[in-house]
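So you can see what is in the structure, the chains are spelled out below.
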Amino acid sequence: MKCISVYTKDFGLFSDIYEEVMESPPAENEEKIIEGVTVSGAGEVPDQYIERMRVKPEVVVMKEKERNVTILQHGEVFEICLPSDEME
């Protein structure tokens, strides 16, 4: 799975920039600034990563079924995890 990190704890701001991030995701190890928020291509994560994060009480898990995207929120970061072939 590919992972994109969005460094904000503000859900409203994340929601505002989400579509822009999805339309033009950063490459692996690339950083972009969108509306003052750092967005980073975090590269590949193992499929088990989501399951490991899901059991932590401080992690919120959201799912966008249409695109098979999983969003994890913890601390001051949102992680957008999507199948590797979705970003190619």
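Residues numbered from 1 in each chain as written. Predicted model: local features only at pLDDT ≥ 70, side-chain atom pairs only at ≥ 80, totals over all residues. Heavy atoms only, no water.

In the nomenclature of an unreviewed UniProt entry, the chain corresponds to NAD/NADP transhydrogenase alpha subunit from the organism Paenibacillus mendelii.

Novice: Please explain the packing of aromatic side chains as it appears in this structure.
Specialist: Note on aromatic pairs: each is described by the distance of the centres and the angle between the planes. A complete count under the given rule lists four aromatic pairs for this structure. Their ring planes at 45° and their centres at 6.1 Å tell us that F11 and F78 sit as a pair that is tilted. Here F11, found in helix α1 (residues 11-23), pairs with F78, found in strand β6 (residues 77-82); they are 67 residues apart in sequence, far enough to count as distant. Given a relative accessible area of 45%, F11 falls into the partly exposed group. With a relative accessible area of 0%, F78 lands in the buried category. When the centroid spacing of 5.6 Å and the interplanar angle of 50° are considered together, the rings of F14 and Y18 count as tilted. Of this pair, F14 and Y18 both sit in helix α1, separated by four residues, roughly a single helical turn. Here the two residues F14 and Y18 agree in accessibility, since each one is buried. Through a chain of ring-to-ring contacts, the aromatic side chains of F11, F14, Y18 and F78 assemble into a single cluster. (Phe/Tyr/Trp six-rings, centres within 6.5 Å; stacked < 30°, edge-to-face > 60°. Helix = DSSP H or I, 4+ residues; strand = E, 2+ residues; numbered from the N terminus. Buried < 20%, exposed > 50% of the residue type's maximum accessible area, 1.4 Å probe, protein only.)

Novice: Looking at this structure, how should I read the sheet that holds strand β4 (residues 60-64)?
Specialist: The strands making up a sheet associate through hydrogen bonds between their backbones, and the pairing can be parallel or antiparallel. Taken in spatial order, the six strands line up as β2-β3-β1-β6-β5-β4 in an open sheet, and their pairing is antiparallel. At either end of the open sheet lies a strand with only one pairing partner, and these are β2 (31-34) and β4. Between one strand axis and the next, the sheet turns through 25° on average, direction left out of account. Relative to strand β3 (residues 37-44), strand β1 (residues 2-7) runs antiparallel, the two sharing six bridges. When the bridges of β3 are listed, C3 appears paired with G43. Docked against the sheet, α1 engages β1, β2, β3, β4, β5 (69-74) and β6, running at close to 35° with respect to β6. (Pairing = 2+ DSSP bridges. Axes fitted to C-alpha atoms, helices over the stretch in contact; angles between N-to-C directions. Contact = heavy atoms within 4.5 Å.)

Novice: Explain the pattern of salt bridges to me, please; I cannot follow it from the model alone.
Specialist: Pairs can form between side chains of opposite charge once their charged atoms are near each other. Evaluated as defined, the whole model comprises four salt bridges. Residue R67 is joined to E19 by a salt bridge in which the shortest nitrogen-to-oxygen separation is 2.7 Å. Of the two residues, R67 is situated in the loop between β4 and β5 and E19 in helix α1; the sequence distance between them amounts to 48 residues. The partly exposed category is assigned to E19, whose relative accessible area is 39%. For E64, the salt bridge is made with R67, and the minimal N-O distance between the two is 2.8 Å. Connected via shared salt-bridge partners are E19, E64 and R67. (Salt bridge = Lys/Arg side-chain N within 4 Å of Asp/Glu carboxyl O.)

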